[in-house]
Amino acid sequence: MNKAEVLIIEDEAQIRKLLEITLESNDFIVNQATTAKEGIVMAASHPPAIIILDLGLPDEDGQSVLKKLRQWYTHPIIILSVQNGEEDIIRALDAGANDYLTKPFRTGELVARMRSALRARPGQESNPLFSCAGLDVDFALRTVKKDNELLKLTATEYTLLALFVKNEGKVLTHHYLLREVWGPGYISQSQYLRVFIAQLRKKIEANPNRPEFLVTESGIGYRFVGKD
Ligand code: CA
């Protein structure tokens, strides 16, 4: 198995050390930058498979670093945020970050999210079929089956589910979902989203109260988890 290279852009030495130990023991090759400037140069000269970006950097706002990276870097970016930083997290996800972790984070969670981000390859939306854990989506026919039974979904339910499936593993913010499914005028209508998420869960989840496909990211949005 080829080892994936990861670039950590983080000014706190203790966190860099923790990440280095965790990721090297999980078969990643770890490169480190301590400032935004250094990180951008390293990413450009030797693009890694994935970037971990701290939003609080000494020389430049992490949001601005993210925007610069996203002008050309298409691989996953996972951001690190401080606690109660929901607004920053939402901004970063909407600006193209794939996922986030709040400090202090569990290292197992970080590795799981990195693997999930690396699995979801860009371009998989061109695949006309999705199949996972008894859930089958046919994007050409716009049909969804659960355990081989055709589900009756409304047009909006289908659009919402297809958006999640095409972004498997990625956190989608409330604003993003409302804008993509209902349109730019609806980004504050989060009650629409709650209603449709509940309806979808009733149809696709084994237990809608303990969802395994459509997971809530509290205060941020939702994530579709493709189970192996
Ligand atoms: Ca920091």
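Just so it is clear, the model here is predicted, and its values are computed rather than measured.

> Go over the packing of helix H1 (residues 13-24) against helix H5 (residues 107-119) with me, naming the residues and quoting the values.
How two helices pack is summed up by the angle between their axes together with the distance between the axes. Where H1 meets H5, the closest approach of the two axes is 10 Å, and the angle between their N-to-C directions is 60°. The angle between H1 and H5 places the two elements in the oblique class. For H1 against H5, the interelement crossing comes out right-handed. Within the contact between the two elements, H1 uses Leu18, Leu19, Thr22 and Leu23 and H5 uses Thr107, Leu110, Val111 and Met114. Residues of the contact of H1 with H5, tallied by class, amount to six nonpolar, two polar and no charged.

> Quick one: what's the story with the packing of aromatic side chains, residue by residue and with numbers?
Aromatic ring pairs are described here by two measures, namely the spacing of the ring centres and the angle between the planes. In this structure the tally under the stated criterion is seven aromatic pairs. Judged by centre distance (5.8 Å) and plane angle (80°), the ring pair of tryptophan 72 and tyrosine 73 falls under edge-to-face. On the basis of an interplanar angle of 90° and a centroid distance of 6.5 Å, the ring pair of phenylalanine 164 and tyrosine 222 is categorised as edge-to-face. With a gap of 58 residues between them, phenylalanine 164 in helix H6 (residues 155-166) and tyrosine 222 in strand S12 (residues 221-224) connect regions that are remote in the sequence. Both residues of the pair, phenylalanine 164 and tyrosine 222, belong to the buried class. A connected cluster of aromatic rings, assembled from ring pairs, spans Trp182, Tyr186, Tyr192 and Phe196. Against the face of tyrosine 100 rests arginine 113, its NZ or CZ located 5.4 Å from the ring centre. One residue, lysine 166, lies across the ring of phenylalanine 139, its end atom 4.8 Å from the ring centre.

> Can you break down the sheet that holds S12 residue by residue, with the values?
One open sheet accounts for three strands, arranged S10-S12-S11; its pairing is antiparallel. A strand with exactly one partner marks an edge of an open sheet, and here the two such strands are strand S10 (171-173) and strand S11 (214-217). Neighbouring strand axes in the sheet, compared pairwise and without regard to direction, differ in orientation by 30° on average. Alignment of S11 against S12, held across four bridges, turns out to be antiparallel. If you follow threonine 216 over to S12, its bridge partner there is tyrosine 222.

> How would you explain the coordination of the calcium ion if you had to name every residue and give the values?
Ligation of the calcium ion by protein atoms is provided by Asp11 (OD), Asp54 (OD) and Gly56 (O), these donors lying 2.2 to 2.3 Å from the ion. In this structure glycine 56 comes out as partly exposed when scored by relative accessible area, which is 45%.

> Could you give an account of the nonpolar core, with specific residues and numbers?
By size, the foremost hydrophobic cluster in this structure holds 28 residues, and its most contacted members are Leu160, Phe164, Leu177, Leu193 and Phe224. Those elements that provide at least two residues to this core are strand S6 (129-132), strand S7 (135-138), H6, helix H7 (174-181), helix H8 (190-204) and S12. No other element matches the seven residues that H6 contributes to this core. Setting aside anything within four residues of it in sequence, one finds phenylalanine 224 in contact with Phe130, Leu135, Leu161, Phe164, Val165, Glu168, Gly169, Lys170, Phe213 and Leu214. Within the second largest apolar cluster, 22 residues are counted, among which are Ala43, Leu57, Ile89 and Leu93.

> Go over the pattern of salt bridges, please, and point to the residues and values.
Oppositely charged side chains can pair when the atoms bearing their charge come close. Throughout the structure, instances matching the rule amount to 12 salt bridges. Residues lysine 103 and glutamate 10 are paired through a salt bridge, measuring 3.1 Å at the closest nitrogen-oxygen approach. Of this pair, lysine 103 sits in the loop between strand S5 (99-102) and H5 while glutamate 10 sits in the loop between strand S1 (4-9) and H1; the two residues are 93 residues apart in sequence, bridging distant segments of the chain. Each member of the pair, lysine 103 as well as glutamate 10, is classed as buried. Between lysine 17 and glutamate 20 there is a salt bridge whose closest N-O contact spans 3.3 Å. Of this pair, lysine 17 and glutamate 20 both sit in helix H1, separated by three residues, roughly a single helical turn. Note on glutamate 20: relative accessible area 19%, which makes it buried. Ionic contacts of the salt-bridge type, sharing partners, join the residues Asp99, Arg106, Glu109, Arg113, Glu217 and Arg223 into one network.

> Explain the environment of arginine 194 to me, using residue names and the numbers behind them.
Among the secondary structure elements, arginine 194 is positioned in helix H8. For arginine 194, a relative accessible area of 51% puts it in the exposed group. Considered as a pair, arginine 194 and isoleucine 220 are 26 residues apart in the sequence and their alpha carbons are 13 Å apart.

Rules used throughout
- Residues numbered from 1 in each chain as written.
- Predicted model: local features only at pLDDT ≥ 70, side-chain atom pairs only at ≥ 80, totals over all residues.
- Heavy atoms only, no water.
- Axes fitted to C-alpha atoms, helices over the stretch in contact; angles between N-to-C directions.
- Helix = DSSP H or I, 4+ residues; strand = E, 2+ residues; numbered from the N terminus.
- Parallel < 35°, antiparallel > 145°, perpendicular 65-115°, else oblique.
- Left-handed = near helix turned anticlockwise from the far one by under 90°.
- Contact = heavy atoms within 4.5 Å.
- Nonpolar A, V, L, I, M, F, W, Y, C, P; charged D, E, K, R; others polar.
- Phe/Tyr/Trp six-rings, centres within 6.5 Å; stacked < 30°, edge-to-face > 60°.
- Buried < 20%, exposed > 50% of the residue type's maximum accessible area, 1.4 Å probe, protein only.
- Lys NZ or Arg CZ within 6 Å of the ring centre and 35° of its normal.
- Pairing = 2+ DSSP bridges.
- Donors = N, O, S within 2.8 Å, 3.2 Å for Na, K, Ca; no water.
- Core = buried A, V, L, I, M, F, W, Y, C linked by side-chain atoms within 4.5 Å.
- Salt bridge = Lys/Arg side-chain N within 4 Å of Asp/Glu carboxyl O.

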